[in-house]
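Topology and contacts: notes
Listed below are the residues making up each chain.
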Amino acid sequence: MIVESSTLPKKGTLENQKKVFQTLEELFRESFGNSHEETRWFFAPGRVNLIGEHIDYCGGSVLPAALQMGTFAVARRKESAEIVLESTSMENRVSFCADDPVYLESDGWGNYPKGIFAEYHQRDVPGQGLEILYHGNIPGGGLSSSASIEVCTAFIIETLNQFRLDSDTLQNRKEIARLCQHSENHFNGMNCGVMDQAAVALGKKGHAILMDCSDLAIEYVPFELGDYALLIGNTCKVRKLTNSKYNERRAEVEKALALVQKHRPVNHLCELKMGELESTLGLLPDPILKRRTRHIITENNRVHEAVDALRVGQLNLFGQLLIESHQSLKDDFEVTGQELDTLVEASLAQKGVLGARMTGGGFGGCMIALVHHQQIEAFKHNVSAHYQSKIGYFPEFYQTIAGSGANEISKS
Ligand code: GLA
């Protein structure tokens, strides 16, 4: 179903969460009719990554936070084994038998939730029929709308089937993250790391998540910016071929790892510390693999420096590390592109900006900037004007704080 944007807020925060769910509940009943089964409400956020880019699949440490924007869903059990999925922003209704979830090109967006059904089916979860209506308010590109709908679906399946992957809550959330990553890799062909799904599942209000992607050990780091705000800038670029470029980078670092492993007993490139950087690069004859590896090792180091800086409130240093991260993603990892570079450069030229960098997979999508509260309006105005004059269309900005992870939402 396509719902008029004025009916349900496309953008905004969770402040009006109940209102969104009440409207969604009405739309659900219009679409699926009444039943003696009760409806339940679920929410999973998007995520923003503060620093630690393109190293989750190299066993690195990353520092994402959950957003307040995300995927809302109203869900209900059904008597048959049929799964029926609808979204407020998509025309097509996706339906399939719970015992037979297979990838179909024609299902489009529906393949993200469908892949999650396939995962639980492989784990012998009974083929319980469900009806689900989703509403997402994450702007496209770079803020993990796909991880958000995946994790939301996993919570729905576990709750309505009364099934848990693991009994301990934190552990269960990690298992959900791994399951969703597996689905995205194998059902949807995107060879992503675990960061996005884990951030969506494990988010904590007011905190960033220091996540060791080699074993998913996490530490919550208070995310306090004092006089500064975290702004997300969306390039609004329509991304094409993102998956194949992403998969290409991943293949390059796997090649580099295999070459390094001939000389060093490591499981991941991120086990290599800064003191080993030069000697490691010496093991790689190909200049491209050298640059990719330099990004991986230096970025992992920057994450730890950034966490130390945040913990003692050294926001200047935190901002500087964001700038260095972007530079490395631009020159060594080559995942930025003209739109992101323009947005970041224009941001850094403004007053009251401590740092800026691309966030997420890159090649378009979003960037983040740390902007003084008093400069926010001037910042948006100037950066928009500069970006539009160079790129030909306007960017969008969203101010955000760190939100909570996925959950069932109480109706009362
Ligand atoms: C995408 C992937 C993540 C991660 C980032 C880059 O968002 O889904 O696993 O690799 O890119 O840091």
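Preceding this paragraph is the structure being described.
As a starting point, this report considers the structure included with it. Residue positions within a chain follow its written sequence, with the count starting from 1. In view of the model being predicted, local features appear only for residues whose pLDDT reaches at least 70, and side-chain atom pairs are presented and counted only at 80 or more, with totals across whole chains, interfaces and linings using the full set of residues. To get the side-chain values, take all heavy atoms of the structure and skip hydrogens and water.

What follows concerns the nonpolar core. Ranked by size, the top nonpolar core spans 118 residues in total, and within it Leu63 and Ile156 carry the most contacts. The element best represented in this core is helix α3 (residues 145–160), accounting for nine residues. Leaving out residues up to four positions away in the same chain, Ile156 has contacts with Phe42, Ala73, Ala75, Leu130, Ile132, Tyr134 and Asn161. Formed by 15 residues, the second largest nonpolar core is a distinct cluster that contains Val20, Phe28, Val74 and Leu133. We define a nonpolar core as any set of buried Ala, Val, Leu, Ile, Met, Phe, Trp, Tyr and Cys residues linked to one another through side-chain atoms lying within 4.5 Å. Burial classification: accessible surface area is computed with a 1.4 Å probe over protein chains only, and a residue below 20% of its type maximum counts as buried, one above 50% as exposed, and the rest as partly exposed. Counting from the N terminus, the helices are the DSSP runs of H or I reaching at least four residues and the strands are the DSSP runs of E reaching at least two. Every residue pair with non-hydrogen atoms within 4.5 Å of one another is taken to be in contact.

Glancing now at the layout of surface pockets. Empty space within the second largest pocket amounts to approximately 250 Å³. In this analysis the probe radius is 1.4 Å and the grid spacing 1 Å, with only protein atoms considered; a cavity is a set of points the probe fits into but cannot get out of, a pocket is an open set with protein on both sides within 12 Å along at least five of seven lines, and lining residues have an atom within 4 Å of a point. Together, 19 residues line the second largest pocket, and Asp56, Tyr57, Gly59, Cys213 and His268 are the ones closest to its centre. It is helix α6 (residues 242–261) that contributes the most residues to the lining of the second largest pocket, four residues altogether. For the lining of the second largest pocket, the residue count by class is eight nonpolar, six polar and five charged. Grid points are joined across faces, edges and corners, and a volume is the space filled by probe spheres set on the points. Gly falls in the polar group here, along with every residue not listed as nonpolar (Ala, Val, Leu, Ile, Met, Phe, Trp, Tyr, Cys, Pro) or charged (Asp, Glu, Lys, Arg).

Now for empty space enclosed by the protein. With the rule as written, the count across this model stands at two cavities of 30 Å³ or more. With three residues, helix α2 (residues 111–122) is the single largest residue contributor to the lining of the largest cavity. Tallied by class, residues from the lining of the largest cavity come to seven nonpolar, four polar and no charged.

Before going further, it helps to spend a moment on the pairing of strand β6 (residues 207–212). For β6, a buried count of five out of six residues is recorded, marking the element as mostly surrounded by other parts of the structure. With two bridges connecting them, strand β2 (residues 61–78) and β6 associate as antiparallel partners. Each bridged residue has a counterpart across the sheet, and for Ser61 the counterpart in β6 is Asp212. By this definition, two strands are paired if DSSP reports at least two bridges between them. Pairing of β6 with strand β7 (residues 217–222), which is carried by six bridges, proceeds in the antiparallel orientation. When the sheet's bridge partners are listed, Leu210 is paired in β7 with Glu219. Linkage of β6 to β7, two consecutive antiparallel strands, is achieved through a turn of four residues, within which Leu216 is found at a positive phi near 60°.

For each residue, the test is whether any non-hydrogen atom lies within 4 Å of the molecule or strand; if one does, the residue is near. Taken together, Arg47, Glu53, His54, Asp56, Tyr57, Cys192, Gly193, Met195, Asp196, Tyr246, Gly360 and Gly361 make up the full set of residues adjacent to the ligand. Any pair of nitrogen or oxygen atoms within 3.5 Å is treated as a polar contact; in protein, a donor-acceptor pairing is required on top of that, and neighbouring residues in sequence qualify only through side-chain atoms on both sides. Between the ligand and Tyr246 there is a distance of 2.5 Å, counted from an oxygen atom to a side-chain nitrogen or oxygen. In isolation the ligand offers 310 Å² of accessible surface; the protein chains occlude 95% of this area. Tallied by class, the residues present in the shell around the ligand amount to four nonpolar, four polar and four charged. All accessible areas in this document rest on Shrake-Rupley with a 1.4 Å probe, and a residue is counted as covered only by the protein chains that are shown.

Another aspect to go through is the sheet that holds strand β9 (residues 353–359). With respect to topology, four strands assemble into an open sheet ordered β9-β10-β8-β11, the strand pairing being antiparallel. If you trace the sheet from one side to the other, it starts and ends with β9 and β11 (396–400), each paired once. The sheet shows a mean angle of 25° between the axes of neighbouring strands, taken without regard to direction. Sheet strands in contact with helix α10 (residues 338–348) are β8 (228–234), β9 and β10 (366–372), and its direction is about 170° off that of β9. Between the N-to-C directions of two axes lies an angle of 0 to 180 degrees, each axis being a line fitted to C-alpha atoms and, for a helix, fitted only over the stretch in contact.

What follows deals with the pattern of salt bridges. Opposite charge on two side chains lets them pair, provided their charged atoms get close. When a carboxyl oxygen of Asp or Glu lies within 4 Å of a side-chain nitrogen of Lys or Arg, that pair is called a salt bridge. Within the structure shown, the criterion is met by 24 salt bridges. A salt bridge links Glu25 to Arg29, with the shortest nitrogen-to-oxygen separation between them at 2.8 Å. With a gap of four residues between them, Glu25 and Arg29 both fall in helix α1 (residues 17–32), about one helical turn apart. On the basis of relative accessible area, Arg29 is assigned to the partly exposed category, the value being 31%.

Attention now goes to the state of the cysteines. The term disulfide is used for any two cysteine sulfur atoms that are within 2.5 Å. Tallied over the entire structure, the rule returns zero disulfides. In this model Cys152 remains outside any disulfide bridge; the closest cysteine sulfur is found in Cys180, 10.0 Å from its own. Residue Cys180 stays outside any disulfide, its sulfur separated by 9.8 Å from that of Cys192, the closest cysteine.

With respect to the element layout, Phe21 can be found in helix α1. Sequence separation between Phe21 and Ser145 is 124 residues, and the spatial gap between their C-alpha atoms is 18 Å. Apart from residues lying up to four places away in sequence, Phe21 is in contact with Trp41, Phe42, Phe43, Phe72, Ala73, Val74 and Ile409.

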